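Chain residues, written in single-letter form:
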Amino acid sequence: MSIRDLAPEHVRAIAPYVPGKPISETARELGIPERDIVKLASNENPLGPSPKAIAALAGAMADLALYPDGSGYELRRVIARKQSVSPENVVLGNGSNDVLELVARTFLGRNESAVYSQHGFVVYRLAVQALGAAHIEVPARQFGHDLEAILAAIRPNTKLVFLANPNNPTGTFLPWAEVERFVARVPDHTLVVIDEAYGEYLDPEIASPTSSWISRFPNLVVSRSLSKAYGLAGLRIGYGLANATAVELIDRVRQPFNVNHLAMVAACAALDDADFIARSRRENAAGLAQLQKGFEGLGLSFISSVANFITVKVGDAARLYGALLRRGVIVRPISAYGLPEHLRITVGTQAQNARFLSALAEALAER
Ligand SMILES: *Cc1c(COP(=O)(O)O)cnc(C)c1O
């Protein structure tokens, strides 16, 4: 008997998450210094972390021998104030991935199912598979969510629907009014998780209104991340907003110290740094325009994006990925998302985008 046989069938069926290739690994493989490598593969903020977060961290080091505040009192108050909800509506996660997984572990049983879109974030599938529950993938519409088809896919045993807006890896966006009508039509026995990891990148005119829906829809969970615009991916911090009863249930499943002290201190400071978010959004918009113009110049089609990445059709994406890597530029292949001819490019600084575009032109010309 092999140790493999000890794991249940649904665990053996899991295809592990493949993250963006790390800079250090690429530098080792190419034998070039890390500073010569550009990574546009994990939707990280090219401006780095919020300076306010860095300053706050310096003052927190002396507390590292102590366990963090397991209730997350301070940070939940900061989030509640910012989102105009009560602290009882806030659950903290070790990254928003943790929130997604906690929601699944709290509400999804083995003989139940979860629904999400084709080209949806792979963590949804992983969270569902790990529980041995069924996953129902609904065909996308123009690379985005088909809300009517998602509603039609909900079964009597469907406990969860995952919906990212904007979506990763396609960058597509659904107007909030459509999402609101959708949430209102989802049956009471099904929770809707709206994943807003890229919410800060939306123009103010289309900023998310979902925190104000929490009081109206007891079956709604909103998840947000500090990994993207706030630039804190390395600390792992995210949060969920939901009805107080749902939060209380999730808290039963949550590890008592799931979020570390530094992450909470940095998050409190970063959430207060509106200037940094405004600058990140401005630079991102300029970078998106720069990349789109570059793609048009190369005759490539792309999926219009409102996030901090853009997905471009390059044909043989596996070859192009390798050719870019040899030029020190890491991007993200997304064949695992059913898009074998596309690459996902994180918006970098102006200089990084330019370096990527010239490497792309060379790679396309190479045969
Ligand atoms: C990046 C991302 C997350 C955030 O992950 P963290 O765990 O907060 O780093 C969540 N959902 C989607 C769709 C993402 O792209």
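Residues numbered from 1 in each chain as written. Predicted model: local features only at pLDDT ≥ 70, side-chain atom pairs only at ≥ 80, totals over all residues. Heavy atoms only, no water.

Our next topic: the overall build of the protein chain. Within the protein chain, the regular secondary structure consists of 13 helices and 13 strands. The C-alpha radius of gyration of the protein chain comes to 21 Å, within 12% of the 21 Å expected for a compact globule of 367 residues. Its C-alpha atoms put the protein chain at 55 × 55 × 50 Å along the principal axes. Taken over 367 residues, the protein chain has a buried fraction of 52%. Sequence separation of 24 or more characterises 74% of the internal contacts of the protein chain that already satisfy a separation of 6 or more. For the protein chain, the exposed area adds up to about 16400 Å²; of that, 54% sits on carbon and sulfur atoms. Side chains of the protein chain give 37 positive and 36 negative charges; the mean places of these two sets differ by 3 Å. (Helix = DSSP H or I, 4+ residues; strand = E, 2+ residues; numbered from the N terminus. Rg over C-alpha atoms; globule rule 2.2 N^0.38 Å. Buried < 20%, exposed > 50% of the residue type's maximum accessible area, 1.4 Å probe, protein only. Contact = heavy atoms within 4.5 Å. Areas by Shrake-Rupley, 256 points an atom, 1.4 Å probe, with all protein chains shown as cover. Lys, Arg positive; Asp, Glu negative; His and termini not counted. Charge placed at Lys NZ, Arg CZ, Asp CG, Glu CD.)

Attention shifts here to the domain arrangement of the protein chain. For the protein chain, the assigned domains read domain 1 (3-47 + 275-365) and domain 2 (51-273). For domain 1 and domain 2, the distance between their C-alpha centroids amounts to 24 Å. Opposite the 29 residues of domain 1 that make contact, domain 2 presents 34 residues. In total, about 2700 Å² of surface goes out of reach between domain 1 and domain 2, with carbon and sulfur atoms giving 64% of it. Summed over the shared surface of domain 1 and domain 2, the result is zero salt bridges. (Domains from an automatic or database assignment. Buried area = accessible area lost by both parts, 1.4 Å probe. Salt bridge = Lys/Arg side-chain N within 4 Å of Asp/Glu carboxyl O.)

Pairing in this open sheet of four strands is antiparallel, and the strands run β9-β10-β13-β12 from one edge to the other. The two strands at the open ends of the sheet, each matched to only one other strand, are β9 (302-303) and β12 (332-334). Judged from the two bridges that link them, β9 and strand β10 (residues 309-313) form a sheet pairing that is antiparallel. Paired with phenylalanine 302 across the bridge in β10 is valine 312. The strands that helix α11 (residues 274-297) touches are β9, β10 and β13 (339-346); relative to β10, the one it contacts most, it runs at about 10°. (Pairing = 2+ DSSP bridges. Axes fitted to C-alpha atoms, helices over the stretch in contact; angles between N-to-C directions.)

On to the site of the ligand. Taken together, Gly95, Ser96, Asn97, Phe121, Asn168, Asp195, Ala197, Tyr198, Ser225, Ser227, Lys228 and Arg236 make up the full set of residues adjacent to the ligand. One of the side-chain nitrogen or oxygen atoms of serine 227 is found 2.5 Å away from an oxygen atom of the ligand. With respect to the ligand, the side chain of lysine 228 contributes an N or O atom lying 3.3 Å from an oxygen atom. Considered on its own, the ligand offers 390 Å² of accessible surface; in the complex 94% of this is hidden by protein. Under a 2 Å grid-point criterion requiring more than half of the atoms, the pocket assigned to the ligand is the largest pocket. (Near = heavy atom within 4 Å. Polar contact = N/O pair within 3.5 Å; in protein donor to acceptor, adjacent residues only side chain to side chain. 1 Å grid on protein atoms, 1.4 Å probe; cavity = no way out; pocket = protein on both sides within 12 Å on 5 of 7 lines; lining within 4 Å. Sits in = over half its atoms within 2 Å of the grid points.)

Turning our eyes to something else, we now look at the layout of surface pockets. Considered as a void within the structure, the largest pocket measures approximately 640 Å³ in volume. Lining the largest pocket are 31 residues, with Tyr17, Asn97, Phe121, Val123 and Arg236 positioned closest to its centre. Secondary-structure elements contributing two or more residues to the lining of the largest pocket are α5 (96-107) and α6 (122-130). Ranked by the residues each element gives to the lining of the largest pocket, the list is headed by α6, at five residues. Residue composition of the lining of the largest pocket, by class: 15 nonpolar, eight polar and eight charged. Looking at the lining of the largest pocket, you find at least three residues from each of domain 1 (3-47 + 275-365) and domain 2 (51-273). Lys82, Glu200, Ala207, Arg224 and Arg281 are, among the 20 residues lining the second largest pocket, the residues nearest its centre. Those elements that provide at least two residues to the lining of the second largest pocket are α4 (73-83) and α11. Of all the elements, α11 adds the most residues to the lining of the second largest pocket, at three residues. Residue classes in the lining of the second largest pocket are distributed as nine nonpolar, five polar and six charged. (Points joined across faces, edges and corners; volume = space filled by probe spheres on them. Nonpolar A, V, L, I, M, F, W, Y, C, P; charged D, E, K, R; others polar.)

A grouping of Met1, Ile3 and Leu6 is seen on the molecular surface, where their side chains present a nonpolar patch of about 440 Å² in accessible area. Inspection of the secondary structure puts leucine 6 in the segment before α1 (9-12). (Patch = residues over 30% accessible without salt bridge, like charges linked within 9 Å, V, L, I, M, F, W, Y side chains within 5 Å.)

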